[in-house]
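Notes for the structure review
This is what each chain is made of:
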Amino acid sequence: MQYSGRIKKIPPYLFAEIDRAIEKKRREGVDVISLGIGDPDLPTPNNVIEALYRAARNPENHHYPSYAGMLEFRETVVKWYKRRFNVSLDPEDEVVTLIGSKEGIAHIPLAFTNPGDINLIPNPAYPVYKAGTILADGIPRSMPLLEENGFKPELSKISAEDAKKARLIFINYPNAPTAATAEKEFFKEVIDFAKDNDIIVCHDNPYSEMTFDGYKAPSFLEFRGAKDVGIEFHSLSKTYNMTGWRIGFVSGNAEVLAGLGKIKENIDSGAFQAVQFAGIDALEGPQDSVVRNMRILQERRDIMVDGLNDIGFQVSKPKATFYLWFRIPERYKSSIEFSEDLLNKAGIVMTPGVGFGEHGEGYVRCAITQKKERLEEALERIRRWRL
Ligand SMILES: *Cc1c(COP(=O)(O)O)cnc(C)c1O
């Protein structure tokens, strides 16, 4: 069978390989503790599940949904943006419902990137920015996220030639996998850069509500001129523990969203209306479950960060996300080697940083998506292994 050149250009999806390694260990009888994947272990809030039941019983919801998403869902998003960020949006053409934000992120290059055009991609990063670019026959150009720059790209290092050929720039704060956050100045710099070079900004913001210690993450659309140059992806997956439900949304520049809509019309037929109704309940219903979840995650973060520092790693406390991103011990040549050792000697899975791009080499990502007893057990095993 001959696969397309596009498929051949996509790097192997690291997480599938990790899953195979875990499966093998489990078959050998090892009680593996997986801190590898960014999928919340906590359940979806009850009010959201009840809303799905109600909506699923109504036959009107059994038909093809509208491509852009139900107007009620888009209006809910508009109210949420106003409440949360004081950003005004038009529900008619400045919001589109997505089948999870991954869907929109993967499709946006098809609307704007011609073969041979460049998209600017952070490195390390969520793999979909690069994969979506390759699938559109675009050229992914890495923007290194270095610790010395607070894991923010240095826009001044992008060559004039690349900037001229670039169609999209992807950014993501609070960031995965580094858990870094960005301040106003950075977003303003991105907006100026995009204006000067006629580039569309795609801000991926699924962790805006997953913050600690009183930190409140901004929306890209809060900043002057943002809507002229870009869009922002949001997801219900992480905030409401809804990764399996496949619902997200994208907001901002109407022309950009019309382009994405054109692609979506021809590829998918929208998100199940009952899931959109459940999404409305998530965004408008009581938020106490989010507060409770964040308290649980904050406790886990503190246990894990303090524990790892005690053992001799150097881990700082992130202000957002459910990831810890830290350097592997110096005796290891590669993050894959470290992760393999961690699995083989301690039965623990963490994701090698290089899996998010070559600039992630030398780091490992630990997701705190396990109960605190399991995290304590993981720390105990690492302590024993390293002695
Ligand atoms: C989880 C995640 C997404 C995708 O979330 P969906 O479930 O597709 O809505 C997008 N970007 C980043 C950085 C993520 O971590």
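Summary of the structure given here. (Residues numbered from 1 in each chain as written. Predicted model: local features only at pLDDT ≥ 70, side-chain atom pairs only at ≥ 80, totals over all residues. Heavy atoms only, no water.)

**Comments concerning the overall build of the protein chain**
Secondary structure summary: the protein chain contains 14 helices and 12 strands in total. Over its C-alpha trace the protein chain gives a radius of gyration of 21 Å, about what one expects of a compact globule, namely 21 Å for 387 residues. For the protein chain, the spread of C-alpha atoms along the principal axes amounts to about 60 × 55 × 50 Å. A burial count over the protein chain gives 56% of its 387 residues as buried. In the protein chain, once contacts between residues fewer than 6 apart in sequence are set aside, the share between residues at least 24 apart is 74%. Carbon and sulfur atoms provide 50% of the accessible area of the protein chain, an area that totals close to 17600 Å². The centroid of the 51 positive side-chain charges in the protein chain is displaced by 3 Å from the centroid of its 55 negative side-chain charges. (Helix = DSSP H or I, 4+ residues; strand = E, 2+ residues; numbered from the N terminus. Rg over C-alpha atoms; globule rule 2.2 N^0.38 Å. Buried < 20%, exposed > 50% of the residue type's maximum accessible area, 1.4 Å probe, protein only. Contact = heavy atoms within 4.5 Å. Areas by Shrake-Rupley, 256 points an atom, 1.4 Å probe, with all protein chains shown as cover. Lys, Arg positive; Asp, Glu negative; His and termini not counted. Charge placed at Lys NZ, Arg CZ, Asp CG, Glu CD.)

**Quick notes on the sheet that holds strand 12 (residues 363-367)**
Across the sheet, which stays open at both edges, the 3 strands sit in the order 9-12-11 with antiparallel pairing between neighbours. For this open sheet the edge positions go to strand 9 (323-327) and strand 11 (351-352), each flanked by a neighbour on one side alone. Packed onto the sheet, helix 12 (residues 288-311) meets strand 9 and strand 12 and runs at close to 10° relative to strand 9. (Pairing = 2+ DSSP bridges. Axes fitted to C-alpha atoms, helices over the stretch in contact; angles between N-to-C directions.)

**Concerning the pairing of strand 12**
Counting buried residues in strand 12 gives 5 out of 5 residues, a clear majority hidden from the surface. Neither face of strand 12 is exposed, since Tyr-363, Arg-365 and Ala-367 on one face and Val-364 and Cys-366 on the opposite face are all buried. Inspection of the sheet shows strand 9 paired to strand 12 by 5 bridges, in the antiparallel sense. Across the sheet, Leu-324 pairs through a bridge with Cys-366, a residue of strand 12.

**Some words on the site of the ligand**
In the vicinity of the ligand lie 14 residues, with Asp-204, Tyr-207, Ser-235, Ser-237 and Lys-238 positioned nearest. Asp-204 has a polar side-chain atom sitting 2.6 Å from a nitrogen atom of the ligand. One nitrogen or oxygen atom from the side chain of Arg-246 is found 2.8 Å from an oxygen atom belonging to the ligand. Taken by itself the ligand offers 390 Å² of open surface, and the protein chains cover 93% of this. When grouped by side-chain class, the residues that make up the shell around the ligand number 5 nonpolar, 5 polar and 4 charged. (Near = heavy atom within 4 Å. Polar contact = N/O pair within 3.5 Å; in protein donor to acceptor, adjacent residues only side chain to side chain. Nonpolar A, V, L, I, M, F, W, Y, C, P; charged D, E, K, R; others polar.)

**Considerations on the sheet that holds strand 4 (residues 139-144)**
Adjacent strands of a sheet pair through backbone hydrogen bonds, lying either parallel or antiparallel. Strand order in the open sheet formed by 7 strands is 2-8-7-6-5-3-4, and the pairing between neighbours is mixed. With one partner strand each, in any of the chains shown, strand 2 (95-98) and strand 4 form the two edges of the open sheet. Averaged over all pairs of adjacent strands, the angle between their axes in this sheet comes to 20°, without regard to strand direction. Where strand 7 (residues 230-235) and strand 8 (residues 248-252) come together, 5 bridges link them in antiparallel fashion. Across the sheet, residue His-234 finds its bridge partner in strand 8, namely Phe-249. Lying over the sheet, helix 8 (residues 184-197) contacts strand 3 (118-123), strand 5 (166-171) and strand 6 (200-204), oriented at roughly 170° with respect to strand 5.

**Structural notes on the pattern of salt bridges**
Per the stated rule, a full pass over the model turns up 25 salt bridges. Among the ionic pairs, Glu-94 bridges to Lys-227, the shortest N-O distance being 3.0 Å. Of the two residues, Glu-94 is situated in the loop between helix 4 (71-85) and strand 2 and Lys-227 in helix 9 (residues 226-229); the sequence distance between them amounts to 133 residues. For Glu-94, a relative accessible area of 13% gives the class buried. Between Glu-154 and Lys-157 there is a salt bridge whose closest N-O contact spans 3.1 Å. Using a relative accessible area of 31% as the deciding quantity, one classes Glu-154 as partly exposed. The structure contains a network of salt bridges with shared partners spanning Asp-213, Arg-301, Asp-302, Asp-306 and Lys-317. (Salt bridge = Lys/Arg side-chain N within 4 Å of Asp/Glu carboxyl O.)

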